[in-house]
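# Remarks on the overall topology
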Amino acid sequence: MNICVTTMGSTDIMPSKFRSSQLYPKFFIFLVSLFFSTNNLAQTGIDTLKEIELEEVIIKAYEQNVRLKEIPAAINFISKNVLNGFGSASIISAMNTSPGVRMEERSPGSYRFNIRGSSLRSPFGVRNVKVYYNDLPYTNPGGQTFINQLGYYNFNSLEIIKGPGSSLYGAGTGGVLLIDGLNENDKTGLEVEYTAGSFGAQNIYGAVTTSGERYTSKIGYQYQNNNGYRNHSELKRNVFSWSGSFHLGEKNQLKTTFIYGDLFYETPGGLTFKEFQTNPRSARPGNAFFPGAEAANARVQQKTFIAGASYTQQLHENFQNKTVLYGAYTRLLNPNIQAAERSTQPHFGGRTVIKYTKVKEQWQLNIDAGAEWQKGFTNISIHKNVSGTADSIRTYDEIENRQSLLFAQATLKTKIFNIVAGASLNDLNVGFERYIPSPNGRQKRSFNNILAPRFAISKEIKNINIYSSISKGFSPPTTEELLPSGGAINLQLAAENGINYDLGFRATFFNKLEVDINAFLFQLKNTIVQRRDAAGGSFFLNAGKTNQRGVESSFTYALFQSVQSIEKSSLWLSHTYHHFKYIDFVKDTNNFSGKYLPGIAPHTISSGFNLQLKHGFSSTISYLFTGKIPLNDANAVYAESYHLVAAKIGFQQKFKENILIVLSLGADNLLDETYSLGNDVNGFGGRYYNPAPCRNYFATIGLKWIK
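Please read these numbers as outputs of a predicted model, since none were measured by experiment. (Residues numbered from 1 in each chain as written. Predicted model: local features only at pLDDT ≥ 70, side-chain atom pairs only at ≥ 80, totals over all residues. Heavy atoms only, no water.)

## Brief notes about the overall build of the protein chain
The condition is simple: Helix and strand definitions here come from DSSP, where helices need a minimum of 4 consecutive H or I residues and strands a minimum of 2 consecutive E residues; each element is numbered from the N-terminal end. Summary of the burial criterion: residues with accessible area below 20% of their type's maximum are buried, those above 50% are exposed, and those between are partly exposed, where the area comes from a 1.4 Å probe applied to protein chains only. Between two residues, a contact is recorded if the distance between any of their heavy atoms is within 4.5 Å. Areas reported here follow the Shrake-Rupley algorithm with a probe of radius 1.4 Å; residue values treat only the protein chains shown as occluding.
Across its full length, the protein chain holds 7 helices and 42 strands. Within the protein chain, buried positions represent 55% of all 707 residues. The long-range share in the protein chain, meaning contacts at least 24 apart out of those at least 6 apart in sequence, stands at 65%. In the form shown here, the protein chain has an accessible surface area of approximately 28,900 Å², with 58% of it arising from carbon and sulfur atoms.

This is the structure:
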C-alpha cells in the first residue's frame, strides 16, 4: 500500500503568500461538505428526532473529582471515543484536536509533545511536562518522559492541564498530562486486532480482560512495525502491559500497573530546505566531516519497564488517603552522527495524598495535603560510533537525581463561588561524577526550597462557569540539558520560573453545544532554549525573559439525529492563538529581543465531524490547519503552513450472541500536503525539516469475544 501521489524531485514548496491564502477556501469547502453530510443524515427518520446530549466528564486533575465544566482551570480532556476516531498507529492526530496542545513525530516513534509551546526545550521526547500514568509518576526524576514507550492501546483517556501545575505536581512550566490506561467498565472477554497500512505499516494487538463486581484486570500485547515514509526510518515496537482495578471493600481501591516496552526506530535526521524540496523522503546525507544518517546507522534502541500500585483507603468518615509506589528502569542505546550513547536509568519513588472533606448544607471544604519523592541513578557512556556500533569510549558519567515536593491545597465550594488555594515546596538535587577520560570529582547542582503557589476562583451563573487563576511555575533543567549530547556538563543553567494568569469560561447550551474559551498570559524568566551543533547535537542556554500569551477555544455540538438510526453524532471546532515573544534575549552579538519564539505556530485550527449509527456504522472526518512556524531565534526562516484532512469509516457486527467483528478503513493527509512535522528549531546549517508522510491509508480487522 505504498501509495504516494507526490512526485519526488519535482514537488515545490508553495510560497507562503499563496499557501496562507488557501486557508479560508479549504476550510470553507471542508465545512460545506460537513453541512451537507449532516443535513442528509438529518433527513433520515425525521419524524422522530431526538437530542443527543453531550457526555458528562469527571476530571481528576488537581484532586478535584468534579465535572469538567466546574473545575477552575484550563484543562482539556481526550476520551476513548476521540482516540477511536483515528488510526491505531499513534495518538498524534487525536491529541492535535485539542487546543493549546501539539504533538509531533520527527520520524515513526520519535515523538515530541508540548502544551503551550513547551517543546522549545525538546529535541526529542517530552520535557517540561509532568506525566502520570494510572496515578504513577511516569516522568523520571531527571525530568525526561519516554512517552514513545506507550502504544496506542495503553491510552484510555487523557487529562491535560495547561499552564504550570507546580502547586500540586511539582516542577514543570509546560503543564501536566494525566493518563488513564484502563476502562473499569470493560467486561470479561478477549480481543484481537490487525492493522495494515502504507509504507509497510503493521499493527497487531491482543488483550484478555477479566472482570467481576469488584474488579477489572486487563493484559495486553501490541506489536507495531513501520518501514517509514523516509529512508532510514523503520520502527519496531513491542509493548506488554497489565492494568488492574480492585475494590477492596466499599471505599478502598487498589490499582496496579505493569508496562514493558521494547522500542527500536531509525533516525533519518533533519534536512535543509533544498534537500526537503528535492526529495523529502531522503535521510540526512553525509559530508567531509560527518557521516550521513544511514552510514552512521543512527537509531534508538530503548527498553523500559515500570511497575507500581496505587491504593486508596478510607481512614475515617472525613479522611481518605491515596498512596502510590513504583519502580522503573530504562536502557537506551543511541548511535547518532557524532557518537554512540549508552545509558541505564533506574528510578523509583512514591506519592501520598491525604484528603479531608467536610460537607455542610451551604458549603463543602476539601483539603488535600501530601508529598512526592523520586530517586534516580543514571549511567551514561559516550562512544565513538562505527557504523552504528559503540566503539572506543570517550566519556563515562554517573548521575544521581533526587526530587521531592510537599504540597497542600484547600478547595471551598459554596453556592456562589468555588475557591482553590494551594502551594508546593520543591527540592531537586543532581550529582554528577565523571570517571572517563579522567575523574574530576563529584559536582552538584541543587534547586531547593522553591515555593510554587496557585490561587483560582470560579462562579457558576446558570449554565456558564467563569474562572480565573494565578499560578507560579518553575522548571529546573533536566539531566539531558545539564549533560547534553552536544557538549560538556553545563551546571550554569538556571531554572525557568514565571507567573501564569488564566481567565476562561465554560458553558453548555441546550444540552448540545459546549463552549470552552481560555485566555492566558505567562511571563517566564530564564527561559531554556535549545541550540544545535554541526553534528546535530543539542546544547542549551537561558534566554532571559519571554512573554507568552494566547487564546484557546473549543466548540462541540451534539447534533439532532433520528432515534431509529443515530447513536451519537457531533461536530467540533477548536482554535489556538499563541503570541510568544522574547522580551530580553541577547546572545553574543545577536539581539533576539522582540522576536517570536521558534517552533510555535501562531494559529492552529482543528475541526471535524463524527457519527455513530446504531447498526454499527461509524465515521470520522477531521481537518487540521497549522500556521507558519518560525524555525530559528532570528525568525529568518519559517516552515510553511499546511492543511491536513483525515477520514476513517468503521463497521461492527455481531457474529454470534457474544462475538463482534470490527472493520475499518482510513486515510491520512488526503490533500497530499508536503510538510514537516517536528521541526528541528535552530538547526545548524539550516537542517530544520523532518518531512511527514504524504497521503497514506490503513485498514483494520478485529474480533471481540465478550462473555
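Past the structure itself, the notes keep going.
## Considerations on the pattern of salt bridges
Spelled out, the test is: When a carboxyl oxygen of Asp or Glu lies within 4 Å of a side-chain nitrogen of Lys or Arg, that pair is called a salt bridge.
On inspection of all chains with the given rule, the structure shows 23 salt bridges. The partner of Glu 104 in a salt bridge is Arg 112, with the nearest N and O atoms 3.0 Å apart. Residues Glu 104 and Arg 112 agree in their burial class; the two are buried.

## Brief notes about the sheet that holds strand E4 (residues 75-78)
Put simply, the rule reads: Paired strands, in this sense, are two strands between which DSSP finds at least two bridges.
One open sheet holds the 5 strands; their spatial order is E4-E11-E12-E8-E9, and the pairing between them is mixed. Strands at the two margins of the open sheet, each flanked by one partner only, are E4 and strand E9 (136-137). Across 4 bridges, the pairing between strand E8 (residues 130-133) and strand E12 (residues 176-180) is parallel. Bridging across to E12, Tyr 132 finds its partner in Leu 178.

## Some details on the nonpolar core
Put simply, the rule is: Throughout this description, the term nonpolar core refers to a set of buried Ala, Val, Leu, Ile, Met, Phe, Trp, Tyr and Cys residues connected via side-chain atoms within 4.5 Å.
Grouped together as the largest cluster of nonpolar side chains are 36 residues, with contacts concentrated most on Met 95, Phe 113, Leu 158 and Leu 177. Listing elements by their share of this core, those giving two or more residues are helix H4 (92-95), strand E5 (101-107), strand E6 (110-115), E8, strand E11 (157-161), E12, strand E14 (201-211) and strand E19 (319-335). Residues in contact with Leu 177, not counting those within four places in the same chain, are Met 95, Phe 113, Val 129, Lys 130, Val 131, Tyr 132, Ile 147, Leu 158, Glu 159 and Ile 160.

## Structural notes on the side chain of Ser 241
With respect to the helices and strands, Ser 241 occurs in strand E16 (residues 235-247). Take Ser 241: its relative accessible area is 12%, and that puts it in the buried class. The contact partners of Ser 241, leaving out residues within four places of it in the chain, are Asn 154, Lys 218, Ile 219, Gly 220, Phe 258 and Ile 259.

## So, the packing of aromatic side chains
Centre distance and the angle of the planes are the two values used to describe a pair of aromatic rings. We apply this condition: Pairing of aromatic rings covers Phe, Tyr and Trp, the last through its six-membered ring, and needs centres within 6.5 Å; plane angles under 30 degrees mean stacked, over 60 mean edge-to-face, and all others mean tilted. Here, a charge over a ring is recorded when the distance from Lys NZ or Arg CZ to the ring centre is within 6 Å and its angle to the ring normal is within 35 degrees.
Counted by the stated rule, this structure contains 20 aromatic pairs. Taken together, a centroid distance of 6.2 Å and an interplanar angle of 75° make the contact between Phe 520 and Phe 580 edge-to-face. Taken as a pair, Phe 520 in strand E28 (residues 513-525) and Phe 580 in strand E33 (residues 566-584) lie far apart in primary sequence, 60 residues in all. The residues Phe 520 and Phe 580 share a single accessibility class, namely buried. Seen in terms of ring centroids, Tyr 688 and Tyr 689 are 6.0 Å apart; in terms of plane orientation they differ by 85°. Their pairing is edge-to-face. Of the residues examined, Tyr 688 reaches a relative accessible area of 8% and is grouped as buried. Judged by its relative accessible area of 4%, Tyr 689 is buried. Every member of this aromatic cluster is reached through a ring pair, and the members are Phe 240, Phe 258, Phe 305 and Tyr 329. One residue, Arg 116, lies across the ring of Phe 520, its end atom 3.9 Å from the ring centre.

## What about the pairing of strand E37 (residues 617-626)?
Among the 10 residues in E37, 7 count as buried, and that is most of the element. Bridge count for strand E36 (residues 603-613) against E37 is 9 bridges, and the pairing is antiparallel. Opposite Ile 605, over in E37, you have Phe 625 as the bridge partner. Following E36, the chain reverses through 3 residues before pairing antiparallel with E37; Gly 616 in that reversal takes a positive phi of roughly 110°. Alignment of E37 against strand E40 (residues 642-656), held across 10 bridges, turns out to be antiparallel.

## Remarks on the confidence of the model for the protein chain
Under the convention used in this document: pLDDT runs from 0 to 100 and stands for how confident the predictor is about each residue.
Overall, the prediction assigns the protein chain a mean pLDDT of 88, with 89% of residues at 70 or greater. Ignoring residues within four places in sequence, the model shows residues 5-22, a span with pLDDT below 50, making 33 contacts including any to other chains. Confidence drops under a pLDDT of 50 for residues 31-53, and excluding neighbours within four residues, the segment shows 38 contacts in the predicted structure.

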